[in-house]
Amino acid sequence: MRLVFVGAPGVGKGTQAKRLEQEFGWNVVSTGDLLRTAIAQQTSLGQQAQAYIQRGELVPDLLVNDLVAERISQMESFILDGYPRNVAQAETLEALIDGTLDAVVLFDLDEELLVERLSGRRVCPSCGAVFHVKANPSQRGEQCDRCGARLITRNDDQPETIRNRMRVFREQTEPLVAFYEAKGLLRRVCANGTPEEVFLRLLSAIGQNGTEK
Ligand code: AP5
């Protein structure tokens, strides 16, 4: 299965992508995670991307396109979480995989709830686990359930950066809805409710109910 996940910041794309990966063994390629790793390791890509991410803007297409192309070239199945993010990236992807996408999932949620999800998010800088102070707290409080590292708030989850990310989503990413709708690939999933409820809707939207590892 080859899927693209589109949705506003904090809608739950990463949470649902990881869930699908556990269930079906499909590879998740998250450009946000790849870029954050590059920043943590201070690679040349990380150094170039850092300021854009801190401001809540898109990292230049050339850098992100290369990153994705390198990752998915040998993959049969994948979930692209957060890529493409504008029409130019979508056209690059189309050329790269020769139009073999199965579906593009658009997650929908009210802006008020998005802000609540982002402001309550805590992440583990060591193993990448994602928590939420109310909806999905770590059983060990400020420490990661999985590895014990101290949880942090992402740099770009500060109020001003969140506002900028929302604006960038509306201006640059939302045009993808019409782009993929015209190709008959778009599947809308309401992201309100518990992660489990959203997951069941997602399975139905992509026509899956069995387990395939
Ligand atoms: P990226 O990391 O992709 O950020 P994003 O798209 O803004 O999405 P998020 O990771 O913030 O949210 P999510 O939808 O995955 O939600 P999550 O599951 O964590 O990108 C970061 C930056 O990198 C961009 O701003 C840009 O600068 C750059 N970048 C990335 N891709 C790029 C590209 N293609 N081109 C150029 N630049 C790019 O959930 C959020 C919270 O809610 C968590 O706490 C979670 O536990 C909780 N939660 C999840 N589901 C539920 C639920 N159903 N109910 C209650 N809580 C829930």
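One structure accompanies this document, and this report is about it. (Residues numbered from 1 in each chain as written. Predicted model: local features only at pLDDT ≥ 70, side-chain atom pairs only at ≥ 80, totals over all residues. Heavy atoms only, no water.)

### Notes on the overall build of the chain
Next up, step 1: Secondary structure assignment for the chain yields 9 helices and 7 strands.
Next up, step 2: The globule rule puts the C-alpha radius of gyration for 213 residues at 17 Å, and the 17 Å found for the chain is close to it.
Next up, step 3: For the chain, the spread of C-alpha atoms along the principal axes amounts to about 45 × 40 × 35 Å.
Next up, step 4: Per-residue burial for the chain yields a buried fraction of 46% across its 213 residues.
Next up, step 5: Within the chain, contacts between residues separated by at least 24 positions form 67% of all contacts whose residues are at least 6 apart in sequence.
Next up, step 6: For the chain, the exposed area adds up to about 11,000 Å²; of that, 47% sits on carbon and sulfur atoms.
Next up, step 7: Mean positive and mean negative side-chain charge positions of the chain (25 and 29 charges, respectively) differ by 5 Å. (Helix = DSSP H or I, 4+ residues; strand = E, 2+ residues; numbered from the N terminus. Rg over C-alpha atoms; globule rule 2.2 N^0.38 Å. Buried < 20%, exposed > 50% of the residue type's maximum accessible area, 1.4 Å probe, protein only. Contact = heavy atoms within 4.5 Å. Areas by Shrake-Rupley, 256 points an atom, 1.4 Å probe, with all protein chains shown as cover. Lys, Arg positive; Asp, Glu negative; His and termini not counted. Charge placed at Lys NZ, Arg CZ, Asp CG, Glu CD.)

### Notes on the packing of helix 2 (residues 31-40) against helix 3 (residues 44-55)
Next up, step 1: Relative orientation of the contacting elements helix 2 and helix 3 amounts to 115 degrees, with a least axis distance of 8 Å. Classified by the angle between their axes, helix 2 and helix 3 sit roughly perpendicular to one another. Helix-helix and strand crossings are classified by hand; for helix 2 and helix 3 the assignment is left-handed. Across the interface between the two elements, Leu35, Ala38 and Ile39 of helix 2 pack against Leu45, Gly46, Ala49, Gln50 and Ile53 of helix 3.
Next up, step 2: Partitioning the contact of helix 2 with helix 3 into residue classes produces 6 nonpolar, 2 polar and no charged. (Axes fitted to C-alpha atoms, helices over the stretch in contact; angles between N-to-C directions. Parallel < 35°, antiparallel > 145°, perpendicular 65-115°, else oblique. Left-handed = near helix turned anticlockwise from the far one by under 90°. Nonpolar A, V, L, I, M, F, W, Y, C, P; charged D, E, K, R; others polar.)

### Notes on the pattern of salt bridges
For side chains of opposite charge, pairing can occur when their charged atoms come near one another.
Next up, step 1: Taken as a whole, this structure holds 13 salt bridges when the rule is applied.
Next up, step 2: Note that arginine 154 is salt-bridged to aspartate 156, the shortest N-O span being 3.0 Å. The same class applies to arginine 154 and to aspartate 156, which are both buried.
Next up, step 3: Salt bridges sharing common partners tie together Arg121, Arg154, Asp156, Asp157 and Arg165. (Salt bridge = Lys/Arg side-chain N within 4 Å of Asp/Glu carboxyl O.)

### Quick look at the site of the ligand
Next up, step 1: Close contacts around the ligand come from 34 residues, with Thr15, Glu57, Arg85, Arg121 and Arg165 the closest.
Next up, step 2: The contact in question runs from an oxygen atom of the ligand to an N or O atom on the backbone of lysine 13, over 2.9 Å.
Next up, step 3: In the complex, 95% of the free accessible area of the ligand, which totals 1,000 Å², lies under the protein chains.
Next up, step 4: Listed by contribution, the elements that provide at least two residues to the shell around the ligand are helix 1 (13-24), helix 2, helix 6 (111-119), strand 6 (130-132) and helix 9 (195-205).
Next up, step 5: Of all the elements, helix 2 adds the most residues to the shell around the ligand, at 4 residues.
Next up, step 6: The class makeup of the residues in the shell around the ligand is 14 nonpolar, 11 polar and 9 charged. (Near = heavy atom within 4 Å. Polar contact = N/O pair within 3.5 Å; in protein donor to acceptor, adjacent residues only side chain to side chain.)

### Structural notes on the nonpolar core
Next up, step 1: With 58 residues, the main nonpolar core has Leu20 and Tyr180 as its most contacted residues.
Next up, step 2: Once residues within four sequence positions are removed from consideration, tyrosine 180 is found in contact with Pro84, Ala90, Leu93, Leu101, Val104, Leu185 and Leu186. (Core = buried A, V, L, I, M, F, W, Y, C linked by side-chain atoms within 4.5 Å.)

### Points about the side chain of threonine 161
Next up, step 1: Residue position: threonine 161 is located in helix 7 (residues 159-173).
Next up, step 2: With a relative accessible area of 11%, threonine 161 lands in the buried category.
Next up, step 3: Beyond its immediate chain neighbours, meaning those up to four positions away, threonine 161 contacts Ile53, Gln54, Arg55, Gly56, Asn155 and Asp156.

### Thoughts on the sheet that holds strand 3 (residues 78-81)
Next up, step 1: On the basis of which strands lie adjacent, the open sheet formed by 5 strands has the order 2-3-1-4-7 and parallel pairing. Looking at the sheet topology across the chains shown, the edges are occupied by strand 2 (27-30) and strand 7 (186-190). Mean inter-strand twist for the sheet, computed between neighbouring axes without regard to direction, equals 25 degrees.
Next up, step 2: Across 4 bridges, strand 1 (residues 2-7) lies against strand 3 in parallel orientation. (Pairing = 2+ DSSP bridges.)

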